[in-house]
2 protein chains.
Amino acid sequence: MRAEILTIGDELCRGEIVNTNSSYFAAKLWDLDITTRWMTSCVDDAADMTAALEVAVSRADLVICSGGLGPTEDDLTVDVVAALAGVAAVEDPAARANLERRFAGRVAITPVQLRQVRVPAGARVHGNPGGLAPCFEATIRGVPVICLPGIPREIFTIFDGGVRPAGRAAEGQRGPFDGGGLLGRLAELREARGNVERVARTIYRVFGRGESQISEVCRGIVDGVPGATIHYQVKFPETLVKLVVRDHDGAAAAARLAAMDGQLRTRVGGFLYGTGEENLVERVGRRLQDQQTTVATAESCTGGMLGEMLTRLPGSSRSFRGGAITYANDEKIRQLGVSPDTLVAHGAVSEEVVREMASGALARFGTDLAVAISGVAGPDGGTPEKPVGTVWLALASARGVTTKKIGFPGARDLIRTLASWWGLRMIDEALDG
Amino acid sequence: MRAEILTIGDELCRGEIVNTNSSYFAAKLWDLDITTRWMTSCVDDAADMTAALEVAVSRADLVICSGGLGPTEDDLTVDVVAALAGVAAVEDPAARANLERRFAGRVAITPVQLRQVRVPAGARVHGNPGGLAPCFEATIRGVPVICLPGIPREIFTIFDGGVRPAGRAAEGQRGPFDGGGLLGRLAELREARGNVERVARTIYRVFGRGESQISEVCRGIVDGVPGATIHYQVKFPETLVKLVVRDHDGAAAAARLAAMDGQLRTRVGGFLYGTGEENLVERVGRRLQDQQTTVATAESCTGGMLGEMLTRLPGSSRSFRGGAITYANDEKIRQLGVSPDTLVAHGAVSEEVVREMASGALARFGTDLAVAISGVAGPDGGTPEKPVGTVWLALASARGVTTKKIGFPGARDLIRTLASWWGLRMIDEALDG
């Protein structure tokens, strides 16, 4: 099944906003064995929108159309789709009731406001639990055209089923085909065409090696495995390795995927830190809370970035006590008890200093773990011995202090992010016991 | 002049990457009075790419095509464009020399590698200062088709002129029409069509009021001003207000823009913190260094986020000494000298406590300024008196302590970002004297 995604809006075509909706739609469709062959954007112009829809229904089996459903005169999607479907635009009673409920006593309902509760006559209305303009499905020249608003937050709710059918299992247990919301309808459309390939997929999260090195060690892993592909996605500073098997038999796809798992883990080795949607920041935050382990930070070049990451999850006060940001050398002495002699002898970016920073933080904060970071984030301050990108880290616990040195010849923000992630990774390894 | 932007790649159509290139191109074109009417993406498939280019040259006066220029078998743009232009694909000598220079002694040059230095015969070659595959311009059915690689970093260099013509003024003094690189060529193409509208524009940066409130106070400001438009772009937590005047006479456009400046500033008032490309993080970092003012932080709910922002700019060690992340109440006492009685009497999220945090930091770090933040970031921990989103801030200096309370009923990450920006804003105001 071939889909086209059409996103509408002047601000898109002026480059004022980045089109995140199209990639969101495409990823969701791909999981349902619906291939996005075209993604098109056009301006808020009835003639251009009409032409774009005509092209789309001529080459695709399904059209996802986003934007142009609001109340203003610029919002033309309902009128254009209705005209192409050969029907009138009519008010949807449920959408109107929703609008009246939301506006009650706060905002006057004007004719302009009512523009957004219209749909093409005869359209299948999917609603909009998080907003006003309803998602609807019209048919143009036999091709289903599903129209959604352009606001990402509303789209997520419509897709994943803010209105989840009663009795559904929790989020984590849902497969791609049994979701509520629009996903369920899309799966139904796909199933109706038959010959559906099921998608079995594992996302491996890798940190500490670049994409080219990872793709090198994974080379050939899917060779000879029917329907298997491997994809790499860089989300600095980590890389996602997506192992995918497609088969009409979902169980067969899952079995072939599982059979490759061990080999992939062996090849990637210690750089693989997890699987699934949870990234390292979320993983470490969760594990600290689960294991009731307390932590403190002592940061120099990262300036608080590691502390920010360790407090990103709700409930982090259960694990994070605090930190010392010791950007100036005097502060390393005052706040952490680093010896002035050590600073003079080895410099602030040294194994000796991060050791004392971490030990000092452990003693002062009274935590189970303490992480210290000191490095040359650049662009200035590098020397031949300690070039920009040189970062020392230390992790202190009752079992002693471990250290790590990294060297990454990149930009300041990348060096700082990488250093903070290495701090997380040291905590993660400490939590392994 | 109407442009179409065509971006090519399977990973785009699987939704694995967000298409930031299209919005980059569109914004650049808009400044040159070239209107992007269509943005299309398709997969790495010769038939689809051919069809997309045929549609594009049939409706646009200029096509920008990105992606598919690499060395692998999936990279088909050169072949497809050459076939549509009715010419052969040939090696570009300059691109080959560039590749040989870069690979010298490190990587063997294989036939696969040489695929990426080909161009359609007769194409105008614009090069690629930051990469291997050259940007080139072919003509299909009379329409210029400019092909670029898909890597953003390479695109930026090609557009803005990594190879800047000798004698050009510094970056800040360049207008949109006299840039080096591809921008110069695009301006030339636009000029050749005549009747060019010049774009005069000011970006106003507003923090502390939402988009709807700002658009309300700015209502009507462009009414009756020929060629003037106003646009709003939310970049949480700030909103950009873009005032634009287009006119064939550049000086007239600039004059009408300048005439609206005072009124806009009056209407937006104290929420307007700056103009241009510099955001609040960069502005405060720069001003602290310029004014040789030192600062320290005392953060609770933001966990280090403000410290990270204050160390984002190179050279921030000249202004930022350090900070205390005092997530636990005991740490507010130990690190900052907050009185246990104050904590018990008023709670950690209170004016009294942030006052003591800021004063304590000022004394201990010995800085000119100290900022303290304590709030309920949620989603738990809210009470009827102090709901989630309640944040107290304080700024201490030799002149005393000022405080501020904010209430923002949003998600945890938004509350923390907003709180840190308010911390920056308090520093910014203190720097005003």
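What you are looking at is a predicted structure, and each value in this text was computed from that prediction instead of being measured.

All right, on to the overall build of chain A then. Secondary structure summary: chain A contains 16 helices and 17 strands in total. Dimensions along the principal axes, computed over C-alpha positions, put chain A at roughly 85 × 60 × 45 Å. Counting across all 433 residues of chain A, residues that qualify as buried make up 48%. Across chain A, contacts joining residues at least 24 apart in sequence account for 63% of those joining residues at least 6 apart.

This part covers the interface of chain B and chain A. Facing 56 residues of chain B, the contacting portion of chain A comprises 55 residues. For the side of chain B that touches chain A, the elements supplying multiple residues, two or more each, are α1 (10–13), α2 (20–31), β2 (35–42), α3 (46–59), β10 (228–235), α12 (305–310), β14 (320–326) and α13 (329–336) of chain B. For the side of chain B that touches chain A, a count of residues per class yields 24 nonpolar, 22 polar and 10 charged. Relative to β14(B), strand β14 (residues 320–326) of chain A is paired through five bridges, and the arrangement is antiparallel. Bridging across to β14(B), A:Thr326 finds its partner in B:Gly322.

Turning next to the relation of the copies chain B and chain A. Once turned by 180° and shifted 0.1 Å along the axis, chain B lies on chain A with an RMSD of 0.1 Å. This pairing of chains is accounted for by a two-fold axis. A high fraction, 96%, of the interface residues of chain B reappear at the interface in chain A, so the copies pair face to face through one surface.

Let us look at the domain arrangement of chain A. Quite often, the size of an interface is put as the accessible area lost when its parts meet. For chain A, the assigned domains are domain 1 (2–192), domain 2 (198–275) and domain 3 (280–431). Computed from C-alpha atoms alone, the centre-to-centre distance between domain 1 of chain A and domain 2 of chain A is 33 Å.

Turning next to the sheet that holds β10(B). All names here are of chain B. Pairing in this open sheet of four strands is antiparallel, and the strands run β10-β11-β9-β12 from one edge to the other. Only two strands of the sheet have a single neighbouring strand rather than two, namely β10 and β12 (272–275). The sheet shows a mean angle of 25° between the axes of neighbouring strands, direction not considered. In the sheet, strand β9 (residues 198–207) pairs with strand β11 (residues 238–247) via 10 bridges, with the strands oriented antiparallel. In the sheet register, valine 206 faces β11, and the bridge partner there is threonine 239.

What follows is about the packing of helix α11 (residues 280–290) of chain A against helix α16 (residues 412–431) of chain A. Residues and elements named next belong to chain A. Between α11 and α16, whose axes approach to 10 Å, the crossing angle comes to 40°. The angle between α11 and α16 falls in the class oblique. Helix-helix and strand crossings are classified by hand; for α11 and α16 the assignment is left-handed. On the side of α11, the interface is formed by Leu280, Val281, Arg283, Val284 and Arg287, while α16 contributes Trp421, Leu424, Arg425, Ile427, Asp428 and Leu431. Counted by class, the contact of α11 with α16 contains seven nonpolar, no polar and four charged residues.

Cut-offs and rules
Residues numbered from 1 in each chain as written. Chains lettered and ligands numbered in written order. Predicted model: local features only at pLDDT ≥ 70, side-chain atom pairs only at ≥ 80, totals over all residues. Helix = DSSP H or I, 4+ residues; strand = E, 2+ residues; numbered from the N terminus. Buried ≥ 20, exposed ≤ 12 C-beta atoms within 10 Å, placed from the backbone. Contact = placed C-beta atoms within 7 Å. Nonpolar A, V, L, I, M, F, W, Y, C, P; charged D, E, K, R; others polar. Pairing = 2+ DSSP bridges. Least-squares fit on C-alpha atoms with pLDDT ≥ 70 in both. Domains from an automatic or database assignment. Axes fitted to C-alpha atoms, helices over the stretch in contact; angles between N-to-C directions. Parallel < 35°, antiparallel > 145°, perpendicular 65-115°, else oblique. Left-handed = near helix turned anticlockwise from the far one by under 90°.

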